[in-house]
Amino acid sequence: MQIQVHDTAFEAADRVAKILLDHIRSHPRPTLGLPTGGTPLPVYAQLLSDFRAGRSSWRHVRSFNLDEYVGLGSDHPESYARYMHTNLFAHVDCPANQWRVPDGLAHDPEAEADAYESAIDEAGGIDIVFMGIGHNGHIGFNEPGAPHDSRCCCVVLEPETIQANSRFFSSAKNVPTKAITMGIGTILTSRKLVLLATGEGKAAAVSSAIEGPISQMVPASALQRHADVTIVLDRHAASLLG
Ligand code: PGA
């Protein structure tokens, strides 16, 4: 596990953007796993500015998002499909059929999760999964207790996650209670993992994930099982590391 601590959140995000861009530039068919949330926004801003400067192309990129809320379609402002469109894919040259988010409106969310897992397999797996970490240590929407060999599935969100994400909704009551997520096992089968965490609020989760025992109660501790993991932190998120 490689741990990089940067002075500011901007520098940490810049580092992650460079890892992704190096991969996009050097692989003929790059396949990425991408997150949503507040943490990745400065990464997406950097990716866009690189694209706009003509230094990168997304024409051959394929991407699979980590997760989506059950019940929200791409026309819902807080759906992750909308987030990815607004913050990245509306602005780059990636064909629409090459970036995928689980369908939150699927009639059968479990079947959609299975189809999503199959689509990842058919794409030859994911080269780099970029992810954040929840205050409770979740990755994707794999909440504490999730098995480390789980595949794409439909999950129930923890009250803490609903509370954390309510800042994007008019109230916690409007946050969906279920999601479709890549499983921890799905994430671990990817060739490289990059986790970005910034801010003091993530320090405890980061420390348990990296320095604590591997435990189902800390989903991100599963990353210790993978051979190629880069953890990129600002100094606040790194403040509890020994
Ligand atoms: P955040 O979410 O970037 O909005 O803090 C991270 C996560 O829940 O994985």
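Caption draft 1: A look at the overall build of the protein chain. The secondary structure content of the protein chain amounts to seven helices and 10 strands. Rg of the C-alpha trace for the protein chain: 17 Å, near the compact-globule value of 18 Å for 242 residues, within the 12% margin. When the backbone C-alpha atoms are referred to their principal axes, the protein chain occupies close to 45 × 40 × 35 Å. For the protein chain, with 242 residues in total, the buried portion stands at 56%. Counting contacts in the protein chain only where the partners sit at least 6 residues apart, residues at least 24 apart contribute 79% of the total. As displayed, the protein chain has an accessible area near 10300 Å², and 52% of this comes from carbon and sulfur atoms. For the protein chain, the centre of its 19 positive side-chain charges and the centre of its 27 negative side-chain charges are spaced 6 Å apart.

Caption draft 2: Spotlight on the pattern of salt bridges. Going through the model one piece at a time under the given rule, you end up with nine salt bridges. Here R55 ties to D50 by a salt bridge, and the two come within 3.1 Å at their closest N and O atoms. Linked through salt bridges whose partners overlap, the residues forming this network are R25, D50 and R55.

Caption draft 3: Just the pairing of strand β2 (residues 31-34), in detail. Of the two faces of β2, the one lined by T31 and G33 and the one lined by L32 and L34 are each fully buried. As defined by bridge partners, β2 adjoins strand β3 (residues 62-65) across four bridges and the pair is classed as parallel. Bridging across to β3, L34 finds its partner in N65. With respect to chirality, the unit in which β2 leads through helix α2 (residues 41-52) into the neighbouring parallel β3 is right-handed. Bridge count between β2 and strand β6 (residues 128-131): two bridges; the pairing is parallel. Each residue of the ladder has a partner; that of G33, found in β6, is V129.

Caption draft 4: Summary view of the site of the ligand. Near the ligand you find G37, G38, T39, P40, G132, I133, G134, H138, R167 and K202, and these make up its full shell. G38 is positioned with one of its backbone polar atoms (N or O) 2.8 Å from an oxygen atom of the ligand. One of the side-chain N or O atoms of K202 is found 2.6 Å from an oxygen atom in the ligand. Protein chains shield 85% of the accessible area of the ligand, which is 280 Å² for the free molecule. When grouped by side-chain class, the residues that make up the shell around the ligand number two nonpolar, six polar and two charged.

Caption draft 5: Fine view of the side chain of S207. Position of S207 relative to the elements: it lies in helix α7 (residues 203-211). On the basis of relative accessible area, S207 is assigned to the buried category, the value being 17%. Filtering out sequence-adjacent residues up to four positions away, S207 remains in contact with G212, L240 and L241.

How each quantity is defined
- Residues numbered from 1 in each chain as written.
- Predicted model: local features only at pLDDT ≥ 70, side-chain atom pairs only at ≥ 80, totals over all residues.
- Heavy atoms only, no water.
- Helix = DSSP H or I, 4+ residues; strand = E, 2+ residues; numbered from the N terminus.
- Rg over C-alpha atoms; globule rule 2.2 N^0.38 Å.
- Buried < 20%, exposed > 50% of the residue type's maximum accessible area, 1.4 Å probe, protein only.
- Contact = heavy atoms within 4.5 Å.
- Areas by Shrake-Rupley, 256 points an atom, 1.4 Å probe, with all protein chains shown as cover.
- Lys, Arg positive; Asp, Glu negative; His and termini not counted.
- Charge placed at Lys NZ, Arg CZ, Asp CG, Glu CD.
- Salt bridge = Lys/Arg side-chain N within 4 Å of Asp/Glu carboxyl O.
- Pairing = 2+ DSSP bridges.
- Right-handed = clockwise from strand over helix to strand, strands pointing away.
- Near = heavy atom within 4 Å.
- Polar contact = N/O pair within 3.5 Å; in protein donor to acceptor, adjacent residues only side chain to side chain.
- Nonpolar A, V, L, I, M, F, W, Y, C, P; charged D, E, K, R; others polar.

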